[in-house]
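# Analysis of the macromolecular model
Letter by letter, the chains look like this.
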Amino acid sequence: MSKKQPTSKREWRDGAASAGVKKPAAASAKKAAHPFKSEAKRQSSDKRKAFSNGLQTQGREKAVKQRADKAKKLVVRNPNQKILEHARDLKERRSDLSRFEPERLQKVLAASGVGSRREMEEWITNGWVTVNGRVAQLGEKVTPDDHVTVKGNIIKLKWADRLPRIILYYKQEGEIVSRDDPQGRVSIFDRLPQAASSRWVAIGRLDINTSGLLIITTSGELVQRFAHPSFEVEREYAVRVLGELTTEQMRMLTEEGVMLEDGLAKVERIYEQGGEGANKWYNVVIKEGRNREVRRIFESQGLIVSRLVRVGFGPIGLPNRLKRGQFYELNPAEVANIIKWADMLLPGERRRRS
């Protein structure tokens, strides 16, 4: 009796598997006739794996930033009732928006938390920003009455009509003072609380190996008053070096200054603060904020800085109770004192005619 022939490919496959029958030569010939088909499948599979690995890598980079511990807030005792009432009054004050002078569009957008000023300049150049229905031009100014859209979205512009916020943060070594970093390092902005109605801006910078006082605010004008060289705001540092300066070197740094690659650098005040063994501590005050200036001043004298801590900036000192990685937000009364020191107007005030 003849053996029943398979009636379908599935029957043939099952029968061949059980009997150990090889696939017909036609199949092998078909595979040989299309040698690039399997190669294309392999390349496609490799691309999918590479894409998947890329997504996993991006996810890991994001996760690193998300795992940055949030800074703890320094808790202080509430002031007396009189100060609380004064602070509440300051917080509720508003300036008359109709009296605001027009300001550059990119500056207002950055202050409103849309992005950095540089990003806003690029977006305006790309034609992604409109003012009152027309494409905006780089450098044009806007008022509180103007209607602005970014990439089709209506933007509620924020104006300095209320008291700004100010945070004091004890920066740790290993943290950067930037929002964008291709190396994925921890930024101080990853650790600070969000500013719901505006954008945090750091007053001056500290390099990754420097710790100490950082002042962060929502006021661009206040940043200008602190950081611009024309105002010559003092910056105070505690510096630890291996070795020590001579009396003649200290005199030379304060009286004559030292020539660095980017110009003359002069120390306002410097004095010893003790130390153990070969390490000596110095208190140094300068009026500039050039990149790594304090480190370069000591390097010019043959000394290497092993630790650098900013302990004061203008009228603000590093609070004694503030620990590394902690922040303290100034209350409205304290903010008002800083505004007055900077010769800025409080909400609702007008400049008196001289």
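Per an unreviewed UniProt entry, the protein chain is named Pseudouridine synthase, and its organism is Neisseria lisongii. Of the comments in the UniProt record for the protein chain, the one headed Sequence similarities (unreviewed entry) reads "Belongs to the pseudouridine synthase RsuA family."

According to the stated counting rule, one finds 17 salt bridges in the structure shown. Two residues, K107 and E103, come together in a salt bridge whose shortest N-O distance is 3.5 Å. Exposure remark for K107: the relative accessible area of 30% places this residue in the partly exposed category. One connected set of salt bridges, linked through shared partners, spans E261, D262, E288, R290, E293 and R296.

It is worth spelling out the sheet that holds strand β4 (residues 134-135) at this point. Reading across the sheet, the 4 strands line up as β4-β3-β6-β7 and stay open at both edges, with antiparallel pairing between neighbours. Every other strand in the sheet has two partners, leaving β4 and β7 (153-155) as the edge strands with one partner each. In terms of strand pairing, strand β6 (residues 148-150) meets β7 through 3 bridges, oriented antiparallel. Its bridge partner lying in β7, V150 is registered against N153.

The next point concerns the side chain of E140. Tracing the sequence through the fold places E140 in the loop between β4 and β5 (141-142). A polar atom in the side chain of E140 sits 3.1 Å from the side chain of R134. In terms of polar contacts, E140 uses its side chain to reach the backbone amide nitrogen of Q137, at 2.7 Å. Contacts of E140, omitting those with residues within four sequence positions, involve E103, R104, L105, V131, R134 and V135.

What counts as what
- Residues numbered from 1 in each chain as written.
- Predicted model: local features only at pLDDT ≥ 70, side-chain atom pairs only at ≥ 80, totals over all residues.
- Heavy atoms only, no water.
- UniProt positions renumbered as here; feature names shortened; annotations may be inferred.
- Salt bridge = Lys/Arg side-chain N within 4 Å of Asp/Glu carboxyl O.
- Buried < 20%, exposed > 50% of the residue type's maximum accessible area, 1.4 Å probe, protein only.
- Pairing = 2+ DSSP bridges.
- Helix = DSSP H or I, 4+ residues; strand = E, 2+ residues; numbered from the N terminus.
- Polar contact = N/O pair within 3.5 Å; in protein donor to acceptor, adjacent residues only side chain to side chain.
- Contact = heavy atoms within 4.5 Å.

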